[in-house]
Amino acid sequence: SQQGEEDPQALSIQEGENATMNCSYKTSINNLQWYRQNSGRGLVHLILIRSNEREKHSGRLRVTLDTSKKSSSLLITASRAADTASYFCATDASFKTIFGAGTRLFVKA
Amino acid sequence: GAGVSQSPSNKVTEKGKDVELRCDPISGHTALYWYRQSLGQGLEFLIYFQGNSAPDKSGLPSDRFSAERTGGSVSTLTIQRTQQEDSAVYLCASSFGRPGELFFGEGSRLTVL
């Protein structure tokens, strides 16, 4: 079964709005990562947050981690049409990286 | 090469045939992963190689699936007696140790008729 589960499954917003995606996981982790996927092919790494970190920023991305709730969120600010993609969280537990089911984000121009 | 290379990019085969999918990771990366992704779905973990340790095969869906990694570099995923439900994109990723960023190939799209 999946270690991480994203919420919502799909999200449609207007360009310029913020997009928030959530990830919940089941077991203790060493780190949590977010990836982006275009067109169902290879994934691209966005950001990694370690278990002892609570928040991390990278450009228009903001990631939070709450280990007590076993959850993380990815915020994309001032979204652009080019942000349209699927976003996955991935957790590093039991010495391997496991992905969630993903959130499909559609940004309308 | 600079990135993870997978071949073939597309493979169409008939039910019952065997297929081999190849992954050439980034040079120096000790960890190599295989995942499977069905249309519109998430990534299903298949197998994980880390250095010279025994691989974690816990995600392989049946004994028709096997993988090897030769010389700590190139990996081959073999599917024997393919079934229609094996149709998916097979993604390979590598990383330098753990925890770490995974670098993905573009995947091999397998279609079993």
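In this text the structure is predicted, and so the values were computed from the model without any measurement.

1. A look at the pairing of strand 4 (residues 31-37) of chain A
Residue and element names in this part refer to chain A. Counting buried positions along strand 4 yields seven of seven residues, so the element is predominantly enclosed. Neither face of strand 4 is open: one carries Asn31, Gln33, Tyr35 and Gln37, the other Leu32, Trp34 and Arg36, and all of them are buried. Where strand 4 lies against strand 5 (residues 43-50), seven bridges are found, and the strand directions are antiparallel. Its bridge partner being in strand 5, Tyr35 is matched across the sheet by His45.

2. So, the state of the cysteines
Throughout the structure, instances matching the rule amount to two disulfides over all chains. Paired through a disulfide, A:Cys23 and A:Cys89 show a sulfur-sulfur distance of 2.0 Å. Across the S-S bond of A:Cys23 and A:Cys89 the torsion is about 65°, and the bridge reads as right-handed. Here A:Cys89 lies in strand 9 (residues 85-93) and A:Cys23 lies in strand 3 (residues 19-25), a separation of 66 residues in the sequence. Here B:Cys23 is linked by a disulfide to B:Cys92, with a sulfur-sulfur distance of 1.9 Å.

3. Re the interface of chain A and chain B
How big an interface is tends to be expressed through the accessible area that disappears when the partners come together. The partner chain B presents 25 residues to the 23 residues of chain A that form the contact. Across the chain A/chain B interface, buried area totals approximately 1800 Å², and carbon plus sulfur atoms make up 48% of it. Of all residues in chain A, the largest losses of buried area upon contact with chain B belong to A:Arg41, A:Phe95 and A:Lys96, amounting jointly to 32% of the total for that side. Put simply, chain A and chain B have one salt bridge between them. Between B:Asp56 and A:Lys96 there is a salt bridge, with the nearest N and O atoms lying 3.0 Å from each other. Applying the counting rule to chain A against chain B returns seven residue pairs in polar contact (both at pLDDT 80 or more). Taken together, the elements giving at least two residues each to the side of chain A that touches chain B come down to strand 4, strand 5, strand 9 and strand 10 (96-99) of chain A. Here the residues of the side of chain A that touches chain B are counted per class, giving eight nonpolar, ten polar and five charged.

4. Here we look at the sheet that holds strand 3 (residues 19-24) of chain B
Residue and element names in this part refer to chain B. One open sheet holds the four strands; their spatial order is 1-3-7-6, and the pairing between them is antiparallel. Strands at the two margins of the open sheet, each flanked by one partner only, are strand 1 (5-7) and strand 6 (65-69). Sheet twist, expressed as the average angle between the axes of neighbouring strands with direction ignored, equals 15°. The pairing of strand 3 with strand 7 (residues 75-79) spans five bridges and is antiparallel. What sits directly across from Cys23, in strand 7, is Ser75.

Conventions and cut-offs
- Residues numbered from 1 in each chain as written.
- Chains lettered and ligands numbered in written order.
- Predicted model: local features only at pLDDT ≥ 70, side-chain atom pairs only at ≥ 80, totals over all residues.
- Heavy atoms only, no water.
- Buried < 20%, exposed > 50% of the residue type's maximum accessible area, 1.4 Å probe, protein only.
- Helix = DSSP H or I, 4+ residues; strand = E, 2+ residues; numbered from the N terminus.
- Pairing = 2+ DSSP bridges.
- Disulfide = S-S within 2.5 Å.
- Contact = heavy atoms within 4.5 Å.
- Buried area = accessible area lost by both parts, 1.4 Å probe.
- Salt bridge = Lys/Arg side-chain N within 4 Å of Asp/Glu carboxyl O.
- Polar contact = N/O pair within 3.5 Å; in protein donor to acceptor, adjacent residues only side chain to side chain.
- Nonpolar A, V, L, I, M, F, W, Y, C, P; charged D, E, K, R; others polar.
- Axes fitted to C-alpha atoms, helices over the stretch in contact; angles between N-to-C directions.

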